[in-house]
Number of protein chains: 2
Amino acid sequence: MDKRIEFGSSAERWGVFEVRLSGPADGNPFTEQSISGVFRGENESVETYGFYDGSGIYIIRFMPSFEGEYSFEIRSSFSKETYRGSFKVKPPSKNNHGPVRTANTYHFRYADGTAYYPVGTTCYVWELQSDEMIEKTLDALERSGFNKIRFCVFPKHYIYNFNEPRSYPYEGRPMDSSVLTPDNFNEYGGCAEGNSWDLTRFEPGYFRHIEKCITALGRIGVEADVILMHPYDRWGFSKMPRSADELYIKYVTARFGAFRNVWWSLANEYDLMEHKKPEDWEHYASLIAERDAYSHLCSIHNCYPVYDFSRPWVTHCSMQKQDIYRTACEINEWREKYKKPVVLDEIAYEGNIQYGWGNITAEELIRRFWEVSVRGAYATHGETYTENEDMIWWAHGGELCGESWKRIKFLLSILGETPGIGLREKQMAWDELCAVPDDEKLAEETGYHLFYYSFMRPVFRKYYFDDSVKYRVEVIDTWNMTVEDRGVYTGTFKIDLPSRQYIAVRIRKADTDRAQS
Amino acid sequence: MDKRIEFGSSAERWGVFEVRLSGPADGNPFTEQSISGVFRGENESVETYGFYDGSGIYIIRFMPSFEGEYSFEIRSSFSKETYRGSFKVKPPSKNNHGPVRTANTYHFRYADGTAYYPVGTTCYVWELQSDEMIEKTLDALERSGFNKIRFCVFPKHYIYNFNEPRSYPYEGRPMDSSVLTPDNFNEYGGCAEGNSWDLTRFEPGYFRHIEKCITALGRIGVEADVILMHPYDRWGFSKMPRSADELYIKYVTARFGAFRNVWWSLANEYDLMEHKKPEDWEHYASLIAERDAYSHLCSIHNCYPVYDFSRPWVTHCSMQKQDIYRTACEINEWREKYKKPVVLDEIAYEGNIQYGWGNITAEELIRRFWEVSVRGAYATHGETYTENEDMIWWAHGGELCGESWKRIKFLLSILGETPGIGLREKQMAWDELCAVPDDEKLAEETGYHLFYYSFMRPVFRKYYFDDSVKYRVEVIDTWNMTVEDRGVYTGTFKIDLPSRQYIAVRIRKADTDRAQS
C-alpha cells in the first residue's frame, strides 16, 4: 500500500468509521476519480462509495450496524490496488440509538428499538451562518425538546434571507447581492446574471462544514432532515442540468450517508421547482436509494400538491398543510391512503410576518401540534417573528424567542409516555378527540386514552370504559405544562375541568400508570 | 250576518289584518269546524285558513302585501253564510320592511328591498319562560344586533332545561317532572309515562302567548325562526301520530302565518327524531306550503347528515357544522351544490358547558362569524355558560353575559355597508381570505374587497388591483370593533397591520367610499 490510510476514530456501532486515502489532486478528481468499498462484519456486508475531499485526500465512510469484527476492501480509479483493513466495532456510546427507522406503520423508532417521536423545527440555512450564530442555534436546540431540524444544503435566497452564505458549494463566484432588496428579490430567481460556477468542482470545505454541523446535531440527539434541493435560489443551484444534479447527489450521499442522524428530504416545495419534472424526482430518488447504503429515511416536501407518497422510496409523508384552515383534519385520510408515518413538516409557524404560513400564535401552533399528535401524526415547528429580521429562527437559527417551543418539549414528554410506539385516533363521541396506542394489544392492556379538548372549554366531562377496572385520571394543561393527578375511578365518572382552552385528559388502567411503577 | 265580526287593528302593508267570528264552542271545534277566506286587493288574491281560538271565537288572519283597498269573503263550516267586508291597507309603519325573502341566490332581503343580513341567536324556549324572563330577553335582543332568533313551539326537555314550560300546547296534563335529574333525563325521552294529552284539543292561550312573543320580536326587528318540531321531548310531542302532526301544522300555520317576521324551521336536528321518516318531512313540508299563503322562508336543521337542501320547498340551507374542526371551510361547496343561502344555524356556541357544541371562546365564535361572512354565508349565535344553570341564554334567554354578541353587532354594521346585497369569497393568494360583493357588476364598480386575516397576525400586507384607480383602505379590528381609515392608495401598496389576530382590511374605490358620500 503506497497510499496513506487514516482510520476514523469512531468505530462504534452506528458511528462513522472513516478511511482516508491519498490520491491524485490533478485533473478533476470529482469527475475523473472514484472510490468504493465493501465493509464486512458477521451480520452485514455493505458496499459504499467514497468522495474526494480536496488536497489529494479521498475519504470513504462506513456506519456499522452491528458490533464486532469488521474488515474492508477499498478500490479506487487511481490505483489498481485493493486497500484492505480490519477494525472492531464497539457498543454505541450513550445517546447513540442508531438511525431512525419507521415503526408500527405510522411511527418511528431508533435502530436500537427506542421510540422516536419527531418534534422537529425548521431553520433552513442555520448551518450557513457565522460560527457564533451556529453555536447559538445548537445551544437553543439543546435546551429545547426538538429532536429533528430541517435545513438545506444549498444556500437560500428568499424573503428575510438575502445575505450571503458563509461559503459556496462550488468553485466560482456568486452574483453581486448588494443590488437586492426585499422588494426586488423575485427578479433574481434561479440562476441570476453574474453567477459563475464550475458545477463539476465542489468546494469540499462547504460540505465538511455541514458534516460538522450534522455531527454536532447528532451529539445533542437531533436528526438532520437534510433538504437536498429547493427553489429559493439566485445562484442557479435549483436549475442545474441533470448531470450536475447527479454528481451532487452522489457527492452528498457519499459524504453524509454514514451519519446516523441524516434524513433525506429530496426537495422542499418540489412543486415550485419549475425546472424539475416528475421523472426527475423519481430519477434522483433512485440515485439516492442506490448510493445510500443505509436506507436513511427519505421523503419529499410539497408546497401545493402533495407528492405521490405511495412511491416505494418514500419512507414517510413529509407534508405541508393544504389550506389556511384545513391543517390537521385530514390526517386519518392520509394515514389510510399512504400507510406511512405522516409528518406535517409545515403546518404554519409561530410569528408575525406578512404571510399566512408564518404568522400564527404560539397557542395555535401548540394546538395544531396536539391535534396532529392525537390524530397519530407529527408536526414541525418554526419561528417567524419580524422583530429582528437578520435573525429569524426559521431561516437563520439563533435564539428561540417564541412561546411554542417550550410547550413542544412538554408535548414530547407526554408522547414519550405512550405505551409502545405511537398513537392513533380512536373514534369517540363527535366532540371527543381521543388517542390510544396504535398497537391494539397495548391499547387494550393499558386502557390508555389521551383526550384533547383543543379550543373547547368543557367545565367537566364524563367517561365510561367498563364497570370494574380502576382508571387513573390526569388532567394535562398543554399550555401551562402541568399534569395533575386526579386519582382513580371506576365505571362512569365525571372529571371537573378548568373551562380553559388547550386541556387534555389522560386516562389509563391504574395498574399500568406511573404511580404503580 | 248574525255572528259578531271583529277587525284586527293593523291594516298596514305587511301587518296582520284579523277577522274574528263567533261560532260554536261545543263538540271539538279544532277538528269539527273550519274557516277559510279569500282576501282580494288590486294586486293579489290570497286564500287562507282561520283557526279556533277557544271560547267560541274563530279567527282568520291576513297579511296584505300591497297598499290600497281590499275586500274579503269568509266561509265557515258552522254557517252557510259568507262573511264579507272591506278595508284599506295603509303604508307600512316605520321599521316594517315586510317579510324576508331570498335574494341574489345566496342572500336575503326584506320584501321592500332593504338588505337583510341574518345575524341570529338561539334561545330555544325563551318564550316559555316567565314574563320577567321574556322581558329580559326582549331587552337583551333590542340592545344586541341580533335580527333573528331560533326557538321552538313545543316545550324542551334537555340538559340544562328540565323545568316546566309556562303552559302546555294541548289539553291534558304532563308527567310529574320532580323525578328528573341531569343524570336521568335520557330515561324520559319521547312520551314518558304519566303524560296525558288530548292531541285533538289545543290550548289556544299557549299559542296566543307565542304570537305575542312573535309580535314583540317583530316590533324590535327580529325574525322569528320558528322550530315546529324537535326531538328534546318528554311529553310525547315529538312522536305524535301523523294525524296530530297535521292538525298541529294546520293550526300553527293558520295562527302564525300572517306575521311577517315568521320563518318556518320544520325541525331542529330532524335526524334525531327517530319516529319521523324522510317521507314525513316531505309530507309536512308540502302541508306547510299548502297552508302558508305567504311563502315564508322555510328550512330544516340537521344534527349529523344535512337534509337534501335541493328540495324545492327549502328556501335556504339551515345547517349545523359537520365536525369539531370543519365548520366554515365547506361553504363554497354548499353554495355551489344547493344554490341557496347558507345559514350555519349551529356553528358552536360561546360558553363552557361539557359539550363541544357549547364551549368555544367568544374570540373563536367571532372568528367563525367573520369567516362564514367572508365566504358569503351566515352564522347563528348562542351562549352556553354554566355559571347560572337556570338561565342559559341558548335555552331560556335572559341576559347576554358573553363577549361575542357585541362583536356580532359590529359585524352586522360592516355587512350593512356591502354594496348591493351579500358577499362571496373571491379566490386570492392561498393565505388571503377575501370577500367581494356577490353582484359582479357592483363588485367591479366599487372595487370593494373585504380581507379577513382570522387567526393570522400579519405585520403588513401588500395589495395591488390596478395602476390608476384610487382605493380607500380601512383597517378593521373585528374584536376591538374599530375601523381605522388609512387613506387612499394606488398601484401596489403596503399596509402596516397590528400583528394581532382577528384583523380585517376593507378596500374600495375611493370615489365609492363613505368619505365621499
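This structure is a prediction, so every number in the text was calculated from the model and none was measured.

Scanning chain A from N- to C-terminus turns up ten helices and 30 strands. Relative to its length of 517 residues, chain A is compact, with a C-alpha radius of gyration of 24 Å against a globular reference of 24 Å. Over its C-alpha atoms, taken along the principal directions, chain A stretches across nearly 80 × 60 × 40 Å. Looking at chain A as a whole, 50% of its 517 residues qualify as buried. Summarising the internal contacts of chain A: among those between residues at least 6 apart in sequence, 69% fall at separations of at least 24.

Here we take up the relation of the copies chain B and chain A. When chain B is fitted to chain A, the residual RMSD is 0.1 Å, and the transformation amounts to a turn of 180° plus an axial shift of 0.1 Å. Expressed as a symmetry operation, the mapping of one chain copy onto the other fits a two-fold axis. It is Arg326(B) whose C-alpha, among those of chain B, lies nearest the rotation axis, at 3.8 Å.

The next subject is helix H3 (residues 204–219) of chain B. All names here are of chain B. Under the 1.5 Å per step criterion, the end-to-end length of H3 is 22 Å for 16 residues, consistent within 8% with the ideal 22 Å. Every buried residue of H3 is accounted for by Pro204, Phe207, Ile210, Ile214, Leu217 and Gly218. Buried positions in H3, seen along its axis, are confined to an arc of 135° and lie on one side of it. Positioned one or two residues after H3, glycine 221 has a phi angle of 75°, which is positive.

All names here are of chain A. Once the domains are mapped, chain A shows domain 1 (5–89), domain 2 (100–164 + 204–415) and domain 3 (426–516). Facing 16 residues of domain 1, the contacting portion of domain 2 comprises 13 residues. Taken together, the elements giving at least two residues each to the side of domain 1 that touches domain 2 come down to helix H1 (29–32), strand E4 (45–52) and strand E5 (57–62). Per-element accounting of the side of domain 1 that touches domain 2 gives the leading share, six residues, to E4. In the side of domain 1 that touches domain 2, the residues fall into eight nonpolar, five polar and three charged.

Facing 28 residues of chain B, the contacting portion of chain A comprises 28 residues. Among the residues forming the side of chain B that touches chain A, the class breakdown is 14 nonpolar, eight polar and six charged.

The nonpolar side chains of a soluble globular protein tend to be buried with one another. Core analysis: the largest hydrophobic core is formed by 276 residues, its most contacted members being Leu266(A) and Leu266(B). The contacts of Leu266(B), once residues within four sequence positions are left out, are Leu228(B), Met229(B), Trp281(B), Tyr284(B), Ala285(B), Ile288(B), Cys298(B) and Ile300(B).

Let us look at the sheet that holds strand E28 (residues 482–489) of chain B. Residue and element names in this part refer to chain B. Spatially, E23-E24-E25-E30-E27-E28 is the arrangement adopted by the six strands of the open sheet, whose pairing is antiparallel. Either end of the sheet is taken by a strand with one partner, and the two such strands are strand E23 (423–426) and E28. Sheet twist, expressed as the average angle between the axes of neighbouring strands with direction ignored, equals 25°. Two strands pair when backbone bridges link them, and strand E25 (residues 449–452) and strand E30 (residues 503–509) are joined in this way by four bridges, in the antiparallel orientation. When the bridges of E30 are listed, leucine 450 appears paired with arginine 506.

Next up on the list: the pairing of E28(B). All names here are of chain B. Where strand E27 (residues 471–477) meets E28, six bridges bridge the pair, whose relative direction is antiparallel. Considered in E28, the bridge of tyrosine 471 is made with tyrosine 489. Hairpin connection from E27 to E28: four residues lie between these consecutive antiparallel strands, with methionine 481 at a positive phi of about 60°.

All right, on to the sheet that holds strand E15 (residues 223–229) of chain B then. Residues and elements named next belong to chain B. Across the sheet, eight strands lie side by side as E17-E16-E15-E12-E11-E21-E19-E18; this open sheet has parallel pairing. At either margin of the open sheet sits one strand with a lone partner, and together these are strand E17 (298–299) and strand E18 (317–320). Pairing geometry for strand E11 (residues 120–122) and strand E12 (residues 148–152), over three bridges, is parallel. In the strand pairing of E12, threonine 122 is matched with arginine 150.

Moving on to the confidence of the model for chain A. Averaged over every residue, the pLDDT of chain A is 95; residues scoring 70 or more account for 97%. Scored as a complex, the prediction yields pTM 0.95 and ipTM 0.93.

Right, let's get into the packing of helix H4 (residues 242–256) of chain B against helix H5 (residues 278–291) of chain B. All names here are of chain B. One can describe the packing of H4 onto H5 by two numbers: an axis separation of 10 Å at closest approach and a directional angle of 30°. H4 and H5 meet at a crossing whose hand is right-handed. Side by side, H4 and H5 meet where Asp245, Glu246, Ile249, Lys250, Thr253 and Ala254 of the first sit next to Tyr284, Leu287, Ile288 and Arg291 of the second. Along the lines of polarity and charge, the residues of the contact of H4 with H5 split into five nonpolar, one polar and four charged.

Before going further, it helps to examine the pairing of strand E16 (residues 262–267) of chain B. Residues and elements named next belong to chain B. Burial analysis of E16 places six of its six residues in the buried class, which makes it a mostly covered element. Looking at chain direction, E15 and E16 are connected through five bridges and run parallel. Within the sheet, the bridge partner assigned to aspartate 225 lies in E16 and is tryptophan 263. With H4 bridging E15 and its parallel neighbour E16, the resulting β-α-β unit is right-handed.

Right, let's get into the environment of Ala258(B). Residues and elements named next belong to chain B. Mapped onto the elements of the fold, alanine 258 is located in the loop between H4 and E16. Remark: the alpha-carbon pair of alanine 258 and aspartate 292, spanning 34 residues in sequence, is separated by 8.5 Å. Beyond its immediate sequence surroundings of up to four residues, alanine 258 is in contact with Val16, Arg61, Phe62 and Met63.

Residue and element names in this part refer to chain A. Considering the arrangement of structural elements, one finds tyrosine 463 in strand E26 (residues 460–464). Look at tyrosine 463 and you get partly exposed, because 19 C-beta atoms sit within 10 Å. With 29 residues separating them in the primary sequence, tyrosine 463 and threonine 492 have C-alpha atoms 5.6 Å apart. Excluding residues within four positions of it along the chain, tyrosine 463 makes contact with Phe493, Ile495 and Ile507.

Turning our attention to helix H2 (residues 131–143) of chain B. All names here are of chain B. Taking 1.5 Å per residue, 13 residues should reach 18 Å; H2 reaches 18 Å between its end C-alpha atoms and fits that length. Considered for burial, the residues of H2 that qualify are Met133, Ile134, Thr137, Ala140 and Leu141. Buried residues of H2, viewed axially, fall in a sector of 125°; they line one side. Of the residues in H2, the exposed ones pointing more than 90 degrees away from the buried face are Asp131 and Glu132. Contacts from the buried residues of H2 go to E12, H3 and helix H8 (393–396).

As a further point, take the environment of Tyr58(B). Residue and element names in this part refer to chain B. Locating tyrosine 58 in the fold gives a position in strand E5 (residues 57–62). Sequence spacing of tyrosine 58 and arginine 173 is 115 residues, and the spatial spacing of their C-alpha atoms is 25 Å. Not counting chain neighbours up to four residues away, the residues in contact with tyrosine 58 comprise Leu21, Gly23, Ile35, Gly50, Tyr52, Asp53 and Ser76.

Criteria and cut-off values
Residues numbered from 1 in each chain as written. Chains lettered and ligands numbered in written order. Predicted model: local features only at pLDDT ≥ 70, side-chain atom pairs only at ≥ 80, totals over all residues. Helix = DSSP H or I, 4+ residues; strand = E, 2+ residues; numbered from the N terminus. Rg over C-alpha atoms; globule rule 2.2 N^0.38 Å. Buried ≥ 20, exposed ≤ 12 C-beta atoms within 10 Å, placed from the backbone. Contact = placed C-beta atoms within 7 Å. Least-squares fit on C-alpha atoms with pLDDT ≥ 70 in both. Expected span 1.5 Å × (residues − 1). Arc of directions from axis to C-beta. Domains from an automatic or database assignment. Nonpolar A, V, L, I, M, F, W, Y, C, P; charged D, E, K, R; others polar. Core = buried A, V, L, I, M, F, W, Y, C linked by C-beta atoms within 7 Å. Pairing = 2+ DSSP bridges. Axes fitted to C-alpha atoms, helices over the stretch in contact; angles between N-to-C directions. pLDDT = per-residue confidence, 0-100. Left-handed = near helix turned anticlockwise from the far one by under 90°. Right-handed = clockwise from strand over helix to strand, strands pointing away.

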